[in-house]
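Listed below, chain by chain, are the residues.
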Amino acid sequence: MTTMYAALLRGINVSGHNRVPMAELRTLLTELGHENVRTYLQSGNAVFSSSSDDEDALAAELQRSIEKRFGFAVPCLVRDGAYLASVADACPFPVGALQGRQLHVTYFDRPVDAARFTPVEAGAFLPEEFRLGNRALYLYAPDGLGRSRLAAALHRPALTKGLVATTRNWNTVGKLVEMTRD
């Protein structure tokens, strides 16, 4: 039995740095023995099917392979379609009333305690808001991520130290859910 997964690569193809062509990423995933490999956008989203049930092992294998092939380390998260759908379904913000660029999900490599984010005075950033979920952080940024003061505060190295974290806008969240449906 196989499971559909999404590989979420952090920090590739940004301003010409850490360049990973999507065609080469598809080839790499296929060489690793995965099937039904597809990519979405140029920002490090791939889906594939695998008989493995170990997301962490899949991510570690992909990270090692990317570093070997491209010569630089790329943090990766691998999540199955059921998890991605559960994160989308649990969104605490009114998805239907917002544009995709206003809502974001940061995926973490492990559960995150709310105490980690207590230094962020949430009220100081209104109308921007965030909520924690299952290995995820939901961010409502009405002017988009690039202009979000709250996003910058939440992603300070002191708060994210020791975590692998990568963020996707709501359009990408929805597309990855769709692409990983069994």
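Some thoughts on the sheet that holds strand S3 (residues 45-50)
Then step 1. The strand order across the open sheet formed by 4 strands is S2-S3-S1-S4, and the pairing between neighbours is antiparallel. Strands at the two margins of the open sheet, each flanked by one partner only, are strand S2 (35-40) and strand S4 (76-80). Sheet twist, expressed as the average angle between the axes of neighbouring strands with direction ignored, equals 20 degrees.
Then step 2. The pairing of S2 with S3 spans 4 bridges and is classified as antiparallel. Paired with Tyr-40 across the strands is Asn-45, a residue of S3.

Examining the nonpolar core
Then step 1. The biggest cluster of nonpolar side chains holds 24 residues, and the ones touching the most others in it are Leu-84, Val-87, Phe-93, Val-105, Tyr-107 and Trp-170.
Then step 2. If you list the elements that add at least two residues to this core, you get strand S1 (3-9), helix H3 (81-89), strand S5 (103-108), strand S7 (136-140) and helix H6 (170-179).
Then step 3. In terms of residues, this core owes the most to one element, H6, which gives 5 residues.
Then step 4. Once residues within four sequence positions are removed from consideration, Leu-84 is found in contact with Ala-6, Arg-79, Tyr-107, Leu-176, Val-177 and Thr-180.
Then step 5. Counting 21 residues, the second largest nonpolar core, distinct from the first, contains Tyr-5, Val-37, Phe-70 and Val-78.

What counts and how
- Residues numbered from 1 in each chain as written.
- Predicted model: local features only at pLDDT ≥ 70, side-chain atom pairs only at ≥ 80, totals over all residues.
- Heavy atoms only, no water.
- Pairing = 2+ DSSP bridges.
- Helix = DSSP H or I, 4+ residues; strand = E, 2+ residues; numbered from the N terminus.
- Axes fitted to C-alpha atoms, helices over the stretch in contact; angles between N-to-C directions.
- Core = buried A, V, L, I, M, F, W, Y, C linked by side-chain atoms within 4.5 Å.
- Buried < 20%, exposed > 50% of the residue type's maximum accessible area, 1.4 Å probe, protein only.
- Contact = heavy atoms within 4.5 Å.

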